[in-house]
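# A look at the structure
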Amino acid sequence: MTALLLAAALLAILFWLPAGVAVAAVVAVVAAGAWEWAGFAGLARPAARGGYVAAVVLAIAAAWWLTGSAAVRDGFLAATCVWWLVALVWVVFAPGRGGAAAAAVAGFLVLVPAAVAIGRLVALEPDGQRLFFFLVLLIAAADIGAYFGGRAFGRHRLAPRVSPGKTWEGLLAGLLAASLAAVAIGRLLGVAALPWLAACVVVVLASVVGDLVESMFKRRVGLKDSSALLPGHGGILDRVDSLTAAGPVYLLALGLLGLAA
């Protein structure tokens, strides 16, 4: 039932909702994620969590206003990519470092750019929602490939201190599945094959970093799921962790390829 409701909500954002309403839905999802992230920062009281959510939403509004032009938007997205590189170093070399304050700041760096990027993506005219659909397909293909490839061939752990279930073999299988999806999507878009494929590989790698970063913060506070909001599926962050990193990278790549003016 939860999966059906999630699928219906996603389809509504992708195909049925006006762009403005779809953007509002994206912000609402990120706000729910901010409520969960507040737990990573040690904010247990509802008032404290509510304040954190309000601060994140205000930051999203400010970033949205500042990124009205394509040039500023792409600069903002490029800076976000630098943050994700720093986050990768954090996950690999020091996953146990940093306290509640670092977790709170990281939440802003994860959630605000994700909301702005995905919101700007679905608001693109005339194909924004279709381009977002392609991003979802790309990440889904990577996840499915990684799941089955990891189960069949997984031997070497990717990040044992953060997410012991992930393997290098699963990552490679996910990249292969995503590459096949990227080729099909590229044909539909009519873009140059090699630059598009390279961009999609980077997007998928970013999605893995997003997943690992959320896992790192969950492990710090002893959580298996970010919340129990979605029965059988954990929390909002458990469903969108990959998109938080992939979204900004994807929109920046679209801009560089001339698909997002």
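Structural notes, computed from the coordinates. (Residues numbered from 1 in each chain as written. Predicted model: local features only at pLDDT ≥ 70, side-chain atom pairs only at ≥ 80, totals over all residues. Heavy atoms only, no water.)

This part is about the environment of S207. Tracing the backbone through its elements, the reader meets S207 in helix α8 (residues 193-220). Accessibility expressed as a relative area gives 3% for S207, which makes it buried. Between the alpha carbons of S207 and A245 there is a distance of 5.4 Å; along the sequence they are 38 residues apart. If we skip the residues at most four places from it in the chain, S207 touches I139, S242 and A246. (Helix = DSSP H or I, 4+ residues; strand = E, 2+ residues; numbered from the N terminus. Buried < 20%, exposed > 50% of the residue type's maximum accessible area, 1.4 Å probe, protein only. Contact = heavy atoms within 4.5 Å.)

Tracing the chain through its elements places D211 in helix α8. When near neighbours in sequence (up to four residues on either side) are disregarded, D211 contacts K166, D241 and S242.

The next point concerns the pattern of salt bridges. Taken as a whole and assessed by the stated rule, the structure comprises five salt bridges. The partner of D74 in a salt bridge is R73, with the nearest N and O atoms 3.0 Å apart. Residue classification places R73 among the buried residues on the basis of a relative accessible area of 5%. A salt bridge links R130 to D127; its shortest N-O distance comes to 3.7 Å. Because the salt bridges share partners, they merge into one network encompassing E214, K218 and D238. (Salt bridge = Lys/Arg side-chain N within 4 Å of Asp/Glu carboxyl O.)

What follows deals with the packing of aromatic side chains. Scanning all chains against the criterion turns up nine aromatic pairs. Aromatic pair W83 and W84: ring centres 5.7 Å apart, planes at 50 degrees, arrangement tilted. Ring centres of F133 and F134 lie 6.1 Å apart, and the angle between their planes is 35 degrees; on these two criteria the pair is classed as tilted. When its relative accessible area of 25% is taken as the criterion, F133 is described as partly exposed. Put simply, the rings of W37, F40, W90 and F217 pair up and form one aromatic cluster. Against the face of W64 rests R120, its NZ or CZ located 3.8 Å from the ring centre. (Phe/Tyr/Trp six-rings, centres within 6.5 Å; stacked < 30°, edge-to-face > 60°. Lys NZ or Arg CZ within 6 Å of the ring centre and 35° of its normal.)

Turning our attention to the packing of helix α3 (residues 46-66) against helix α5 (residues 100-123). Closest axis-to-axis distance for the α3/α5 pair is 9 Å, and the angle between their directions is 45 degrees. One element, α3, and the other, α5, form an angle in the oblique class. For the element pair α3 and α5, the recorded crossing hand is right-handed. Each of Y52, A55, V56, A59, I60, A63 and W64 in α3 lies in contact with α5, whose residues at this interface are A103, A104, G107, F108, L111, V112, A115, V116, G119 and R120. Its residues assigned to classes, the contact of α3 with α5 shows 14 nonpolar, two polar and one charged. (Axes fitted to C-alpha atoms, helices over the stretch in contact; angles between N-to-C directions. Parallel < 35°, antiparallel > 145°, perpendicular 65-115°, else oblique. Left-handed = near helix turned anticlockwise from the far one by under 90°. Nonpolar A, V, L, I, M, F, W, Y, C, P; charged D, E, K, R; others polar.)

A cis amide bond links E125 with the next residue in sequence, P126, at an omega value of 0 degrees. By the element assignment, P126 lies in the loop between α5 and α6 (128-153).

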